[in-house]
Amino acid sequence: MIAFVRGPVAAIGVDSAVIEVGGVGLQVYCDPGTLAGLRPGEEARVATSMIVREDSLTLYGFADDDSKELFELLLTASGVGPKLAQAALAVLSPDQLRQAVATEDLVVLVKVPGIGKKGAQRIVLELKDKIGAPSKTVTGRPLQTQEAWRDQVHAGLVGLGWSPRDAEDAVIAVSPLAADNPNPSVPDLLRAALRALSKA
């Protein structure tokens with residue numbers, strides 16, 4: 001089990017980053033919010049969860065240990081795989097996810113691409129007694145400049161399966177939110193964009 005990786009960021013893609021550890025470049029699949037906090041050439045520490053399959057070893061990365069633990073908990077629910085668990089943490093913060101499960105708020109859970117009403121009910125049923133209560137404090141995530149957030153939100157939406165055109169429409173829809181903040185938060189804007197797409 002690889003619990004975390006630390007090293008310089010060699011490259012950042014749409015849905016993953018390459019982090020150099022001991023001269024080896026490890027590809028780590030991350031949600032857009034985690035990728036937003038990484039910078040090429042700068043050292044980073046990313047909490048990781050390793051998924052072992054017959055034909056692959058895949059590392060999934062997270063901005064903090066809390067998100068990693070929730071990812072691994074989500075995987076214990078029937079029908080939830082790594083991609084769906086990662087999508088849930090891209091749309092909802094750890095505390096929003098805990099709140100939704102604890103209060104059986106299916107409306108919030110179905111905002112995650114790939115989770116329907118039955119899937120949301122199953123997650124609530126299987127995880128309600130395990131997921132815990134929301135914490136009182138939410139860990140701050142990196143803020144981005146006005147120029148950077150558009151490309152990162154767009155890339156995040158495409159990485160989650162939306163078409164480039166839909167992603168562009170969602171970026172336009174959330175632009176007023178970013179205009180009110182000189183340092184907009186990419187994870188918050190991504191969640192707002194996903195909510196806009198779910199209503200469309």
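Use the structure listed above.
Residues numbered from 1 in each chain as written. Predicted model: local features only at pLDDT ≥ 70, side-chain atom pairs only at ≥ 80, totals over all residues. Heavy atoms only, no water.

> Can you walk me through the packing of aromatic side chains in this structure?
Any two aromatic rings considered together are summarised by their centre-to-centre distance and by the angle between their planes. Enumeration according to the criterion identifies three aromatic pairs in this entry. With 5.4 Å between their ring centres and 35° between their planes, Tyr 60 and Phe 71 make a pair best called tilted. With a gap of eleven residues between them, Tyr 60 in strand β5 (residues 56-62) and Phe 71 in helix α2 (residues 65-74) connect regions that are remote in the sequence. Judged by its relative accessible area of 7%, Tyr 60 falls in the buried class. Taking 4.8 Å as the distance between ring centres and 50° as the angle between the ring planes, the aromatic pair formed by Phe 62 and Phe 71 counts as tilted. Per residue, the accessibility class of Phe 62 equals that of Phe 71, and both read buried. Through successive ring pairs, a cluster of aromatic residues spans Tyr 29, Tyr 60, Phe 62 and Phe 71. Arg 45 extends its terminal NZ or CZ atom over the ring of Phe 4, reaching a point 4.2 Å from the ring centre. (Phe/Tyr/Trp six-rings, centres within 6.5 Å; stacked < 30°, edge-to-face > 60°. Helix = DSSP H or I, 4+ residues; strand = E, 2+ residues; numbered from the N terminus. Buried < 20%, exposed > 50% of the residue type's maximum accessible area, 1.4 Å probe, protein only. Lys NZ or Arg CZ within 6 Å of the ring centre and 35° of its normal.)

> Even after reading the chapter, I still don't get the sheet that holds strand β3 (residues 24-30), so can you show me in this structure?
Spatially, five strands are ordered β1-β2-β3-β5-β4 in a closed barrel, and the strand pairing comes out mixed. Across the sheet, the axes of successive neighbouring strands diverge by a mean angle of 55°, strand direction being ignored. Sheet topology places β3 next to β5; three bridges connect them, and they run parallel. From the neighbouring strand, Cys 30 faces β5, where its bridge partner is Gly 61. Lying on the sheet, α2 is in contact with β4 (43-53) and β5; it crosses β4 at an angle near 10°. On the sheet, helix α3 (residues 82-91) packs against β3, β4 and β5 and is oriented at approximately 10° with respect to β5. (Pairing = 2+ DSSP bridges. Axes fitted to C-alpha atoms, helices over the stretch in contact; angles between N-to-C directions. Contact = heavy atoms within 4.5 Å.)

> Got a minute to help me understand the packing of α3 against helix α9 (residues 186-199) in this structure?
How two helices sit against one another is set out by the angle between their axes and by the gap between those axes. The geometry of α3 relative to α9 is characterised by a closest axis approach of 8 Å and an angle of 105° between their N-to-C directions. Taken together, α3 and α9 sit at an angle that is classed as roughly perpendicular. Residues Leu 89, Ala 90 and Val 91 of α3 pack against Leu 190, Arg 191 and Leu 194 of α9. Taken together, the residues that form the contact of α3 with α9 break down as five nonpolar, no polar and one charged. (Parallel < 35°, antiparallel > 145°, perpendicular 65-115°, else oblique. Nonpolar A, V, L, I, M, F, W, Y, C, P; charged D, E, K, R; others polar.)

> Before we go on, may I ask you to explain the side chain of Arg 98 in this structure?
Examined against the element boundaries, Arg 98 turns out to sit in helix α4 (residues 94-102). There is a polar contact of 2.4 Å between the side chain of Arg 98 and the side chain of Asp 66. At a separation of 3.3 Å, a polar atom in the side chain of Arg 98 contacts the main-chain carbonyl oxygen of Ile 131. Aside from chain neighbours lying at most four places away, what touches Arg 98 is Asp 66, Leu 70, Ile 131, Gly 132, Ala 133 and Pro 134. (Polar contact = N/O pair within 3.5 Å; in protein donor to acceptor, adjacent residues only side chain to side chain.)

> How do you make sense of the environment of Glu 42 when you look at a structure like this?
Relative to the helices and strands, Glu 42 resides in the loop between α1 (32-36) and β4. For the pair Glu 42 and Ala 87, spaced 45 residues apart in sequence, the C-alpha separation works out to 26 Å. Apart from residues lying up to four places away in sequence, Glu 42 is in contact with Gly 7, Pro 8 and Val 9.

> What is the right way to look at the pattern of salt bridges in this model?
Pairing is possible between side chains of opposite charge, provided their charged atoms come close. One pass over the structure, following the stated rule, counts five salt bridges. One salt bridge in this structure joins Asp 65 and Arg 45, with 4.0 Å as the shortest N-O distance. With Asp 65 in helix α2 and Arg 45 in strand β4, this pair connects stretches of sequence that are 20 residues apart. The class of Asp 65 is partly exposed, set by a relative accessible area of 36%. Residue Arg 45 is classed as partly exposed on the basis of its relative accessible area, which comes to 39%. In this structure, the salt-bridge partner of Asp 95 is Arg 98, at a minimum N-O distance of 3.4 Å. Note that Asp 95 and Arg 98 are positioned in helix α4 at a spacing of three residues, about one turn of the helix. A single burial state applies to Asp 95 and to Arg 98, both of which are buried. One salt-bridge network, in which partners are shared between bridges, spans Asp 66, Asp 95 and Arg 98. (Salt bridge = Lys/Arg side-chain N within 4 Å of Asp/Glu carboxyl O.)

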